[in-house]
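Each chain is listed here by its residues.
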Amino acid sequence: MAKYRKTYMPFQMMNLTEDRTSLIEASESVATLNVHEKLVRDKSFIKKITKATLTPLNYTILISAFLMLLGGAFLVYKLQPQFEQIHLARMETMWGTALIITGIVLLTVQVSFILYMVFLYLRYKPVKSVTDDKLPSVTVIVPAYNEGKLVWETLLSLAASDYPDQKIQIISIDDGSQDDTWYWMKKAKAHLGDRLSIYQQPKNMGKRHALHRGFKMAAGDVFITVDSDSIVKKDTLRNLVSPFVTNEKCGAVAGNVRVLNDKSAMIPRMLNVSFVFSFEFVRSAQSAIGSVFCTPGALAAYKKDAVLACLEDWMNQTFMGKPTDIGEDRAMTNMILKQGYHVLFQRNALVLTNIPEKYTSLYKMFIRWERSNVRENIMMSKFAFTKFRKESTTGTRILLMVQWLNVLMAFPFTLLMAFLVITQPVLFISATLLSILIFSSIQMFFYAKKHGISESFWAYPYSIFYAFALFWITPYAIATAGKSGWLTRGLADKN
């Protein structure tokens, strides 16, 4: 999810001079638009781009990962005498007994929490799209930074949405890009005409500033934010905003994010299973109690009144005395929850978004997310334990406390892991692999049931990858929570 996003409109517009670059190859661009709209409107579009296409290398990685996990389980079985010996030795010391008891308590909490989430998930049902006459007027805001041609594809997919023309406004804002993003935005404007308004920041000011400008210009009753490297389905927007019609307490809605570039590299392919679990299971469960913790930048909708009530506080938010330039989506979600609104998830509002394909870009993205989580957990704790809304707040508090538990245990677990790697490397690695096999199987079975079994096995190599290559992110993000910076911004490939 790298930079920024989209636009559409029949309320107001910007008179843009049709210069030479915006009209280059007009006929070819019209043909491209027609083809793109046909793809987006095609009911099998999503199935086509998510269809399994495994290569020999893919099979090698999947089989190797599975054999590694089975090997870990086998070692745990064979090394039972050593495990029992260490267990007995620990029981003879005070710290060892305390460690074992702590482990049992934490395991009990985690298993209980998973069962609670399953209970909530089973209660969840997405809201079906309401009829055209009931759909609210919307403003779609697409901030963009160094996005290149991707912003063009994003805007075209929005324009192809099945939403009444008179009820939709699309605004796209270039946040001082250094590449050809503005060229592609002007090209989209030339072909979409009055349905799209585009604006350019005088310099790169940050995504929050671009969104703030869009919110101030928005004319719709519902504001929708979309990242500029994302593609929406034909019915995504109408499904996304329908909860505002059926639930007067709804203040925000999170879209269902899937990986767009899951066939282009190994990391996106592995991460796709994790995204499905994070959205279709975790956010479904959170939605059942009206407390989705984060409306993703890739696709989110907000009630106009809720946004305007906190807009300036959101724009001027600080952390440790410094302006906050990350986590704008989680921050907005928190401020809307604080007002007493419900924040929901729409599983049937699908968006496909690009994610990093290289390790360095991936861990930088995760660091940014984790820093935001730490900051916003602190902010949320200030109101979550008050009576911030009339309905029950117990579920919201449980979700927050478990998040805090995971954060607070990050350092102790890292230190314990380092100690065990040094003192008992074989036992530690084998036990870790067995744990990965058990818990990643939950994600695997969930994905297999929802989207097919072939891609679901990527849960195993991703869990191994995360456990051994990304485990350090949470403690590092906690230690550097005060740092700012987007980290993953760069120049997009020119097309």
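This text goes with the structure placed above it.
Residues numbered from 1 in each chain as written. Predicted model: local features only at pLDDT ≥ 70, side-chain atom pairs only at ≥ 80, totals over all residues. Heavy atoms only, no water.

Colleague: I tried to follow empty space enclosed by the protein on my own but got confused; where do I start?
Modeller: Regions of empty space are outlined by a rolling probe, equal in size to a water molecule, passed over the atoms. Enumeration according to the criterion identifies one cavity of 30 Å³ or more in this entry. In this structure, the largest cavity encloses a volume near 100 Å³. Those elements giving two or more residues to the lining of the largest cavity turn out to be helix 8 (207-217), strand 4 (222-226) and helix 12 (328-338). Here the lining of the largest cavity is composed, by residue class, of eight nonpolar, three polar and five charged. (1 Å grid on protein atoms, 1.4 Å probe; cavity = no way out; pocket = protein on both sides within 12 Å on 5 of 7 lines; lining within 4 Å. Points joined across faces, edges and corners; volume = space filled by probe spheres on them. Helix = DSSP H or I, 4+ residues; strand = E, 2+ residues; numbered from the N terminus. Nonpolar A, V, L, I, M, F, W, Y, C, P; charged D, E, K, R; others polar.)

Colleague: Help me understand the pairing of strand 4, please; the structure alone is not making it clear to me.
Modeller: With five of its five residues buried, strand 4 lies for the most part within the structure. Where burial is concerned, the two faces of strand 4 agree: the one with V222, I224 and V226 and the one with F223 and T225 are both buried. Pairing of strand 1 (residues 138-144) with strand 4, which is carried by four bridges, proceeds in the parallel orientation. Along strand 4, the bridge assignment pairs T139 with F223. As judged from the five bridges shared by strand 4 and strand 7 (residues 299-303), these two strands associate in the antiparallel manner. In the sheet register, T225 faces strand 7, and the bridge partner there is A300. (Buried < 20%, exposed > 50% of the residue type's maximum accessible area, 1.4 Å probe, protein only. Pairing = 2+ DSSP bridges.)

Colleague: Looking at this structure, how should I read the pairing of strand 1?
Modeller: The two faces of a sheet get side chains in turn, since along a regular strand they alternate between them. Within strand 1, seven of the seven residues are buried, which leaves the element mostly enclosed by the surrounding structure. Here strand 1 shows a buried face lined by V138, V140, V142 and A144 and a second buried face lined by T139, I141 and P143. Considered for its hand, the β-α-β crossover made up of strand 1, helix 6 (residues 150-159) and strand 2 (residues 168-174) is right-handed. (Right-handed = clockwise from strand over helix to strand, strands pointing away.)

Colleague: Where do I start with the environment of G255 in this structure?
Modeller: Turning to its location among the elements, G255 is positioned in strand 6 (residues 250-259). G255 gets classed as buried once you look at its relative accessible area, which sits at 0%. On a C-alpha basis, the gap between G255 and N239 in space is 9.1 Å, while along the polypeptide they are 16 residues apart. Dropping the residues within four chain positions of it, G255 is found in contact with L240, F279, P296, L299, F345, Q346 and A349. (Contact = heavy atoms within 4.5 Å.)

Colleague: Teacher, can you tell me more about the sheet that holds strand 7 here?
Modeller: The strands making up a sheet associate through hydrogen bonds between their backbones, and the pairing can be parallel or antiparallel. Judged by pairing direction, the sheet is mixed, and its eight strands sit side by side in the order 3-2-1-4-7-6-10-5 without closing on themselves. Of all strands in the sheet, those bounded by a partner on one side alone are strand 3 (196-200) and strand 5 (230-232). For this sheet, the mean angle separating the axes of adjacent strands, direction not counted, is 30°. Together, strand 1, strand 2, strand 3, strand 4 and strand 5 form the strand contacts of helix 6, whose direction differs from that of strand 5 by roughly 15°. (Axes fitted to C-alpha atoms, helices over the stretch in contact; angles between N-to-C directions.)

Colleague: How should the side chain of T295 be read in this particular structure?
Modeller: Along the chain, T295 falls in the loop between helix 10 (266-288) and strand 7. In this structure T295 comes out as buried when scored by relative accessible area, which is 0%. Of the polar contacts made by the side chain of T295, one reaches the side chain of Y302; its length is 2.7 Å. At a separation of 2.7 Å, a polar atom in the side chain of T295 contacts the side chain of T333. Excluding anything up to four places from it in sequence, T295 contacts A252, V253, A254, A300, Y302, D329, T333 and V343. (Polar contact = N/O pair within 3.5 Å; in protein donor to acceptor, adjacent residues only side chain to side chain.)

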